[in-house]
Amino acid sequence: MPLLTTDTLRCAASSLVPDMDALTGAVASSITAELPELVRDARTEEFFRSTVLDNVVTALRVLSTGRDDEEFEAPPVTLEFARRLAQQGVPITVLLRAYRIGQAVFQQRVIARIAAGDVTAEQVAGATMALASLVFSFIDRVSEQVVAAYVRERDTWMRHHNTLRLARVQALLDGRSSGTDELDAVLGFSSSRPMAGVVVWCGRETAEADRPGRLEKHLDRLAALSGAVPRPVLSVAPDSSTLWAWIPCTRAGLAAVTAHPPEAPGDVRAAVGEPASGLDGFRVSHRQACQAQTIALAAGPGHTRPFLTSSQLGPLALVAAEVRDLRAWVGTVLGGLADDDENCARMRETVWSYLSSGSSLNAAAAELHLHKNTIQYRIRKAEETRGRPFSEGRVDVEVALLACRLLGDTVLRPVPPAPPRR
């Protein structure tokens, strides 16, 4: 850096020292005017103003020396302020925005002081360019340390609070705590309102570092679509790839989500229980969501569902814990129809539409866009394949067909490949 440029910056920085309070106040006021969430209480505001002061002092020292020390350590109060914001849940983007606002105000004041001196236009231009480079390097170095402190604190804080919340939630679910006041305190809203238990999870496709953010974001989408107000204030993580949550939600709200579920990122999936209220509703809806998750996890690769509600399970909810035993039972009920091939799949779909419509050939034909005679022919062939008419054990047939629709090859009988033709 040319000597004249260094001298110009040093003089400007030195002339600002007597006006330190005014400079600090201008930077702080500009930041809080745009980002009032940074100073939620008196103690946080004290940390904020100390942070601004320490950064201004350090920045002026950098300008006075004309270089940014690579070993520079951010002021302790700056890191403490970042940790406090992490505890309060203030997004890191807000903190970084504050640094950009402060940088702009600081540079404007320094440039004004440079221009007011006995310098040429060439010296002003050179000093301004040097100022921008030094301040950018300073802010970049501070931001890097601030972000690291924020992330470490947020991870520690979230783990700690999740552990506490999970213990309280587990006590309510297990019956070790049964007070309505305790439930309301944990939920963050009145338990007299209907709520839906939700399980959101992901698999190995989602990187471990990305899981918390993706799960929370998908949970927010579900809540927004269900009309939840407030947002799901209660969510706990029983493990690193799962969230349990309770969303204020009516049956109509859940029906809206079921009709148009949000697109899930990667392999993120969700299961939802029926809306209910009170402590019993809190427990039952959660169990229903877990049952739906069990069914969703048991489904074959071709039947993966990103969204499943307990109401879609029907009688399968009663056997959700014994999914592995279903294949034998389905085979017994459906006979040859349980074979995992295209022909049987067509017949099963036809029988499902026929029975679901009250054994109406016309309704099934309309649903499948086929002629009534085609439906009648397929029903007859399906009964022959099963080995007995559907009037025998009709309820069992419908449950077995539902299992095939939701679980696919998990409950279907594998069919050996046809031998190659010679």
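The coordinates are above.
This structure is a prediction, so every number in the text was calculated from the model and none was measured.

Undergrad: In this structure, what is going on with unusual backbone geometry? I would like to understand it.
TA: When glycine is set aside, most residues are seen to have a negative phi, and most peptide bonds are trans. Although it is not a glycine, Ser359 adopts a positive phi angle of roughly 60°. Take Ser359: it is sitting in the loop between helix H12 (342-356) and helix H13 (361-368). One non-glycine residue, His369, lies in the positive phi region at around 60°. Considering the arrangement of structural elements, one finds His369 in the loop between H13 and helix H14 (372-386). For His369, a relative accessible area of 72% corresponds to the exposed category.

Undergrad: Just checking my understanding: could you explain empty space enclosed by the protein for this structure?
TA: To find the voids left in a structure, one rolls a probe of water-molecule size over its atoms. Considering all chains together, one arrives at 2 cavities of 30 Å³ or more under this definition. Quantified by volume, the largest cavity comes out at close to 240 Å³. What lines the largest cavity is a set of 19 residues, and nearest its centre among them are Val27, Asn55, Tyr99, Gly102 and Ile139. Of all the elements in the fold, those that place two or more residues in the lining of the largest cavity are helix H2 (20-34), helix H3 (42-65), helix H5 (92-115) and helix H6 (121-174). In the lining of the largest cavity, the residues fall into 15 nonpolar, 4 polar and no charged. As a volume, the second largest cavity reaches approximately 60 Å³. If you trace the second largest cavity, you find it lined by Ala196, Val198, Leu222, Ser226, Ile247, Cys249, Leu254, Val257, Val272 and Phe307. When residues of the lining of the second largest cavity are traced back to their parent elements, those giving at least two are strand E1 (195-201), helix H8 (211-226) and helix H9 (251-259). The residue inventory of the lining of the second largest cavity, partitioned by class, reads 9 nonpolar, 1 polar and no charged.

Undergrad: Just to check I follow, could you spell out the layout of surface pockets for this structure?
TA: In this structure, the largest pocket encloses a volume near 1200 Å³. What lines the largest pocket is a set of 36 residues, and nearest its centre among them are Arg154, Met158, Pro212, Gly213 and Glu216. Breaking the lining of the largest pocket down by element, the ones donating at least two residues are helix H4 (76-88), H6, H8, strand E2 (234-239) and strand E3 (242-248). Broken down by element, the lining of the largest pocket gets its largest block of residues, 10 residues, from H6. Across the lining of the largest pocket, the residue classes tally to 17 nonpolar, 9 polar and 10 charged.

Undergrad: Please explain the sheet that holds E3 as it appears in this structure.
TA: The strands making up a sheet associate through backbone hydrogen bonding, with each pair oriented either parallel or antiparallel. Ordered in space as E2-E3-E1-E4-E5, the 5 strands form an open sheet in which the pairing is mixed. Among the strands making up the open sheet, the edge pair consists of E2 and strand E5 (307-309). Along the sheet, successive strands turn relative to each other by an average axial angle of 20°, direction set aside. Examined bridge by bridge, strand E4 (residues 269-272) and E5 share 3 bridges and lie parallel to one another. From the neighbouring strand, Val272 faces E5, where its bridge partner is Thr309. Relative to E3, H8 is tilted by about 20°, and along the sheet it contacts E1, E2, E3, E4 and E5.

Undergrad: Which parts of the structure should I look at to understand the packing of aromatic side chains?
TA: Geometrically, a pair of aromatic rings is defined through the distance of the ring centres and the angle of the planes. Inspection of the entire model under this criterion finds 2 aromatic pairs. Here the aromatic rings of Phe48 and Phe81 are separated by 5.9 Å at their centres, their planes lie at 50°, and the arrangement is tilted. Residue Phe48 is located in helix H3, and its partner Phe81 is located in helix H4; the two are separated by 33 residues in the primary sequence. Residue classification places Phe81 among the buried positions, given a relative accessible area of 3%.

Undergrad: What am I meant to see in the pairing of E2 here?
TA: Every regular strand shows the same layout, with side chains that alternate between the two sheet faces. Relative to E3, E2 runs antiparallel, the two being bridged by 4 bridges. Residue pairing across strands places Leu234 opposite Trp246, the latter belonging to E3. Hairpin geometry of E2 and E3 is characterised by an intervening segment of 2 residues between the two adjacent antiparallel strands.

Undergrad: Explanation requested: H5 in the structure shown.
TA: Helical geometry note: an α-helix holds 3.6 residues per turn, so side chains three or four residues apart project in the same direction. Its 24 residues place the ends of H5 35 Å apart at the C-alpha level, agreeing with the 34 Å of an ideal helix rising 1.5 Å per residue. If you check which residues of H5 are buried, you get Val94, Leu95, Ala98, Tyr99, Ile101, Gly102, Gln103, Val105, Phe106, Gln107, Val110 and Ile114.

Rules used in this analysis
Residues numbered from 1 in each chain as written. Predicted model: local features only at pLDDT ≥ 70, side-chain atom pairs only at ≥ 80, totals over all residues. Heavy atoms only, no water. Helix = DSSP H or I, 4+ residues; strand = E, 2+ residues; numbered from the N terminus. Buried < 20%, exposed > 50% of the residue type's maximum accessible area, 1.4 Å probe, protein only. 1 Å grid on protein atoms, 1.4 Å probe; cavity = no way out; pocket = protein on both sides within 12 Å on 5 of 7 lines; lining within 4 Å. Points joined across faces, edges and corners; volume = space filled by probe spheres on them. Nonpolar A, V, L, I, M, F, W, Y, C, P; charged D, E, K, R; others polar. Pairing = 2+ DSSP bridges. Axes fitted to C-alpha atoms, helices over the stretch in contact; angles between N-to-C directions. Contact = heavy atoms within 4.5 Å. Phe/Tyr/Trp six-rings, centres within 6.5 Å; stacked < 30°, edge-to-face > 60°. Expected span 1.5 Å × (residues − 1).

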